[in-house]
Amino acid sequence: MGSLLSLSVIISALELGFIYALVALALFLSYSILNIADLSTDGCFTLGCAVGAQVAIMGHPILALFAAMLAGVCSGYIMAFLQTKLGVESILAGIIVNTGLYTVNLAAMGFSSNLSLFKAETVFGMFKGIFGAEWYKLIVAIAVVVIVGILLSLFLGTSLGLSIRATGDNEDMVRASSINPKFTLTVGLCISGSLTALSGCLIGQYQKTCDINLGTGMVTIALASLIIGETLIGKGSMLRRIAGVVLGSCLYRFAIAIALRLHVPAECLKLVSAVIVAVAIASPYLKNQVAFRSRKRSALQARKGGDSAC
């Protein structure tokens, strides 16, 4: 294991794990809290990267983060508008938004398939002289995720946050309590979109490049991280669940890092991701099945022992 995970590999996996954790948190809000399958994640991730890259190229790397989040809010609002105003199912709404965002992302990138940030200042580079050349990216990523995680936990504990949580649990009850579920749904999806776009912006500045296909498969990555975290941590306080999502994202990146160190072809990484998701989703069921068969075996042995005694 030591040969597979050197210090540089561990640091790189943690850096990507914390950055991608923002997408997992976005999916946590839309999928786990609101009970909505948001398939616009891929396009929204690229949107955040494209908008953030353009602003960073103009010399404003920190402003790029907020610009990307604003773009993500717009994406989330359109997603919510299709569902609440036009009656489109969440899955279809996500597909529609994701499809439309491809052209929007191309326009944001100046109708170029990629943008280079190698000559632009990034939010990571701003702290390179403070934290050192080896740890600065990881420290910045951790700081952003910690701030976002704490703010998200505090928000979900407010009256509006509790209304959003209740909307995912029982929309009819929320409506009966004189709370507009369409409003809470819109707020939740806007926040989810902003987190996804923020992650895209950070990954663009981290890699110093933005590609039109950067967000492909992002739903799978976020879902894997979310399921791994929820399987390991389980239910509990909101802060604990958020920490579990971040942990799941880091563990997922470690799994990918190990696969790369084992010389798994890059073309097979999507298959590796799919297997990780399948195992993570099936693990609670398999665990229950193993426990059930163990109890059944014990009951049969006890019954046979009782029959032999007679």
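Residues numbered from 1 in each chain as written. Predicted model: local features only at pLDDT ≥ 70, side-chain atom pairs only at ≥ 80, totals over all residues. Heavy atoms only, no water.

Asker: So what's going on with the overall build of the chain? Which residues, and what values?
Answerer: Helix and strand counts for the chain stand at 12 helices and two strands. When the helices and strands of the chain are listed from N to C terminus, the series reads α-α-α-α-β-α-α-α-α-α-β-α-α-α. Taking 310 residues into account, the globule formula puts the C-alpha radius of gyration at 19 Å, and the chain, at 22 Å, falls close to it. Projected onto the principal axes, the alpha-carbon positions of the chain cover approximately 85 × 60 × 35 Å. For the chain, the proportion of its 310 residues judged to be buried stands at 46%. Within the chain, contacts between residues separated by at least 24 positions form 78% of all contacts whose residues are at least 6 apart in sequence. Looking at charge distribution, the chain has the averaged site of its 21 positive side-chain charges lying 8 Å from that of its 13 negative ones. (Helix = DSSP H or I, 4+ residues; strand = E, 2+ residues; numbered from the N terminus. Rg over C-alpha atoms; globule rule 2.2 N^0.38 Å. Buried < 20%, exposed > 50% of the residue type's maximum accessible area, 1.4 Å probe, protein only. Contact = heavy atoms within 4.5 Å. Lys, Arg positive; Asp, Glu negative; His and termini not counted. Charge placed at Lys NZ, Arg CZ, Asp CG, Glu CD.)

Asker: I'd like to hear about the packing of aromatic side chains, residue by residue, with values.
Answerer: For any pair of aromatic rings, the description rests on two quantities: the centre-to-centre distance and the angle between the ring planes. With the rule as written, the count across this model stands at three aromatic pairs. With 6.0 Å between their ring centres and 20° between their planes, tyrosine 20 and phenylalanine 45 make a pair best called stacked. With a gap of 25 residues between them, tyrosine 20 in helix α1 (residues 7–33) and phenylalanine 45 in helix α2 (residues 41–57) connect regions that are remote in the sequence. Centroid distance phenylalanine 124 to tyrosine 206: 5.9 Å. Interplanar angle 75°. Geometry classified as edge-to-face. Taken together, the positions of phenylalanine 124 in the loop between β1 (114–116) and α5 (128–131) and tyrosine 206 in helix α9 (residues 181–207) put the pair 82 residues apart, joining distant regions of the chain. Given a relative accessible area of 2%, phenylalanine 124 falls into the buried group. Judged by relative accessible area, which is 14%, tyrosine 206 ranks as buried. (Phe/Tyr/Trp six-rings, centres within 6.5 Å; stacked < 30°, edge-to-face > 60°.)

Asker: Give me the lowdown on helix α7 (residues 159–169), citing residues and values where you can.
Answerer: The complete set of buried residues in α7 reads Gly161, Ser163, Ile164, Ala166, Thr167 and Gly168. On the buried face of α7, the contacting elements are α1, α6 (136–156), α8 (171–176) and α9.

Asker: Could you give an account of the nonpolar core, with specific residues and numbers?
Answerer: With 84 residues, the main nonpolar core has Phe28, Phe124, Leu202 and Ile203 as its most contacted residues. If near-sequence neighbours (up to four positions away) are discounted, phenylalanine 28 is found in contact with Ile33, Leu156, Leu226, Glu230, Met238, Arg241, Ile242 and Val245. (Core = buried A, V, L, I, M, F, W, Y, C linked by side-chain atoms within 4.5 Å.)

Asker: Quick one: what's the story with helix α11 (residues 238–261), residue by residue and with numbers?
Answerer: Compared with the 34 Å implied by 1.5 Å per residue over 24 residues, the 35 Å span of α11 between its first and last C-alpha is a close match. Directly after α11, the chain includes histidine 263, whose backbone phi takes a positive value near 65°. (Expected span 1.5 Å × (residues − 1).)

Asker: Break down a nonpolar patch on the surface for me, citing the residues and quoting the values.
Answerer: Taken together, the side chains of Ile142, Val146, Ile147, Ile150, Leu151, Leu154 and Leu239 define a hydrophobic patch exposed on the protein surface, amounting to about 630 Å² of accessible area. The element best represented in the nonpolar patch is α6, accounting for six residues. Relative to the assigned elements, valine 146 resides in helix α6. Overall, the relative accessible area of 40% leaves valine 146 in the partly exposed class. (Patch = residues over 30% accessible without salt bridge, like charges linked within 9 Å, V, L, I, M, F, W, Y side chains within 5 Å. Areas by Shrake-Rupley, 256 points an atom, 1.4 Å probe, with all protein chains shown as cover. Salt bridge = Lys/Arg side-chain N within 4 Å of Asp/Glu carboxyl O.)

Asker: A description of the side chain of arginine 253 should follow, citing residues and the corresponding values.
Answerer: Within the secondary structure layout, arginine 253 lies in helix α11. Discounting chain neighbours no more than four positions away, the residues touching arginine 253 are Ala13, Leu16, Gly17, Tyr20 and Ile221.

Asker: So what's going on with the side chain of threonine 84? Which residues, and what values?
Answerer: Within the fold, threonine 84 resides in helix α3 (residues 61–84). Of the residues examined, threonine 84 reaches a relative accessible area of 13% and is grouped as buried. Not counting residues within four places of it along the chain, the set of residues in contact with threonine 84 comprises Lys182, Leu185 and Thr186.

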